[in-house]
Amino acid sequence: MSDDDSRGADDGTPQTRREARESATPDGGIPLADEAFPGFDTESIPPRPPLPAEAPDPLDTGEHNAIREQWRAARGEFETHVSHARDQFDQANERIKQRNERIKQRTGRDLILAIAIGLAFGAALLASLLFFKVFFVPLALAAALLGVYELALALRGAGRRIDLLPQLLSAALIVIPAYFVQIWLVWALLFLGVAFVIVWRLVGQMVAQDGRTYGDVLADAVIGGFVQIYVPFFAAIALILLRQEGGQWWVLGFIAIAVAADTGAYASGLAFGKHPMAPRISPKKTWEGFAGAVVASITAGVLLALFLLELPWWAGAIFGVAVLLTATLGDLGESMLKRDIGIKDMSSWLPGHGGLLDRLDSILPSTIPALCLYFLLSPWVVL
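Residues numbered from 1 in each chain as written. Predicted model: local features only at pLDDT ≥ 70, side-chain atom pairs only at ≥ 80, totals over all residues. Heavy atoms only, no water.

**Describing the packing of helix α7 (residues 164-175) against helix α8 (residues 183-208)**
Item 1. Relative orientation of the contacting elements α7 and α8 amounts to 175°, with a least axis distance of 9 Å. On the basis of their axis angle, the class for α7 and α8 is roughly antiparallel. Every residue of α8 that contacts α7 at L165, P166, Q167, L169, S170, L173 and I174 is listed here: L189, L190, G193, V194, F196, V197 and W200.
Item 2. Its residues placed into classes, the contact of α7 with α8 shows eleven nonpolar, three polar and no charged. (Axes fitted to C-alpha atoms, helices over the stretch in contact; angles between N-to-C directions. Helix = DSSP H or I, 4+ residues; strand = E, 2+ residues; numbered from the N terminus. Parallel < 35°, antiparallel > 145°, perpendicular 65-115°, else oblique. Contact = heavy atoms within 4.5 Å. Nonpolar A, V, L, I, M, F, W, Y, C, P; charged D, E, K, R; others polar.)

Shown next as structure tokens:
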């Protein structure tokens, strides 16, 4: 026994945990067997059950590899189709641009933009006439004021003295009451408006004293009065027709016929036009285009008479021919005016169309036959 063991036994001090374990396990740490702790038989331990077999990874199977290859092939084929479709779209878009450019060079119009703007104006026109026809009044007023402004600026650019403020005031005086007053009062307002702009011009010339000749002064006064007749008065005639019973359908009808005539002339002239109709006035107008306008306007008139205006087909044919003649004369008249002034378009406010008057040149004069035929042919009128 070591000195530590004898010290623990002799002096009565408690043994440490290590000392107690070494004293209970002599000769190399073999535990002693007693009644409380019998010997441990290692052979009585049941064998450890075998570990379950490792399941095969489905990602490593041949079937998954085949599916993955099929997916890759399908994705590659889809990307090929998308790329092919994109190339076809780019080619078609390029062809449309080239065709539009050729049409623009030939006719001076951006066709796609012109169609988009035309559809927007057509939608506004239909909305005003189909729901509450009084909503057409501000549209007519805006068109008249803008038309007067365009025409006045164009004439001033050609050296004519056109006073803008009295022109706009007189236009509003003529157009606004036309929907609400009797027809004879519209004529009186026209007389007052023309006299107003002429007197304003004469007084302005007297104040200016710039040595302008009497012939030029007289021409300025007459042209100023012509502006009031050409734009505001024709717009007022449309409002007179609008206020009649069923008048909104007649307004829609003559505008539709004028647009159909213009479209038929454009398409037919673009496809078959070879013989100029009035080369000194408008070189791009052809007799082939006029033939297309005849067919389109008569067809539109007959359809409108049968399905909208409650008229026989022959009345629709008369309506179509009358509007066609005034629309053609109005178009040629404005072309002659622009040629005398030395401009191509009245303005550039409407891309693809030019100015507003470039689109209203055939519609404004057509108000006269439309109003006359309403009183002659309309079933609502009692003469």
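**A short note on the nonpolar core**
Item 1. With 64 residues, the main nonpolar core has L151, L239, F254 and F319 as its most contacted residues.
Item 2. For this core, the element with the most residues is helix α9 (residues 214-242), which contributes 13 residues.
Item 3. Residues within four places of F319 in sequence aside, it is in contact with W250, G253, F254, I257, L309, A370 and L373. (Core = buried A, V, L, I, M, F, W, Y, C linked by side-chain atoms within 4.5 Å. Buried < 20%, exposed > 50% of the residue type's maximum accessible area, 1.4 Å probe, protein only.)

**Focus: the layout of surface pockets**
Item 1. When its volume is computed, the second largest pocket comes out at roughly 170 Å³.
Item 2. Around the second largest pocket, the lining residues are F226, Y230, L329, G330, G333, E334, M336, L337, D340 and P365.
Item 3. For the lining of the second largest pocket, the secondary-structure elements that each account for two or more residues are α9 and α12 (313-341).
Item 4. Counting residues per element, the lining of the second largest pocket draws most heavily on α12, which supplies seven residues.
Item 5. The residue makeup of the lining of the second largest pocket, split by class, is six nonpolar, two polar and two charged. (1 Å grid on protein atoms, 1.4 Å probe; cavity = no way out; pocket = protein on both sides within 12 Å on 5 of 7 lines; lining within 4 Å. Points joined across faces, edges and corners; volume = space filled by probe spheres on them.)

**Some details on helix α6 (residues 136-157)**
Item 1. If you check α6, its first and last C-alpha atoms are 31 Å apart, about what 22 residues at 1.5 Å a residue would give, namely 32 Å.
Item 2. Those residues of α6 that fall on the buried side of the exposure criterion are F136, V137, A140, L141, A144, G147, V148, E150, L151, A152, A154 and L155.
Item 3. Of the residues one or two after α6, G159 is the one with positive phi, at around 100°. (Expected span 1.5 Å × (residues − 1).)

**Observations concerning unusual backbone geometry**
Item 1. At E310, a position not held by glycine, the phi torsion is positive, near 60°.
Item 2. By secondary structure assignment, the location of E310 is in the loop between α11 (287-307) and α12.

**Re the pairing of strand β2 (residues 282-286)**
Item 1. Here two bridges tie strand β1 (residues 276-278) to β2, and the two strands are oriented antiparallel to one another. Bridged to A278 within β2 is S282.
Item 2. Hairpin connection from β1 to β2: three residues lie between these consecutive antiparallel strands. (Pairing = 2+ DSSP bridges.)

**Details of empty space enclosed by the protein**
Item 1. All told, the structure shown has one cavity of 30 Å³ or more when counted by the stated rule.
Item 2. Empty space within the largest cavity amounts to approximately 50 Å³.
Item 3. Forming the walls of the largest cavity are R161, I162, D163, Q167, V197, I198, R201, D220, A221, G224 and G225.
Item 4. Taken together, the elements giving at least two residues each to the lining of the largest cavity come down to α8 and α9.
Item 5. When residues of the lining of the largest cavity are assigned to their parent elements, the largest contribution, four residues, is made by α9.
Item 6. Across the lining of the largest cavity, the residue classes tally to four nonpolar, three polar and four charged.

**Comments concerning the side chain of S268**
Item 1. Secondary-structure assignment places S268 in helix α10 (residues 247-272).
Item 2. You can call S268 buried: its relative accessible area is 15%.
Item 3. In contact with S268, not counting residues within four places along its chain, are G273, E288, G289 and G292.

**Some thoughts on the packing of α10 against α12**
Item 1. Between α10 and α12, the shortest axis-to-axis distance is 9 Å and the interhelical angle comes to 60°. Both α10 and α12 take part in a crossing whose hand is right-handed. Facing W250, G253, F254, I257, A258 and A261 of α10, the residues of α12 in contact are F319, G320, V323 and L324.
Item 2. Of the residues belonging to the contact of α10 with α12, the class tally is eight nonpolar, two polar and no charged. (Left-handed = near helix turned anticlockwise from the far one by under 90°.)

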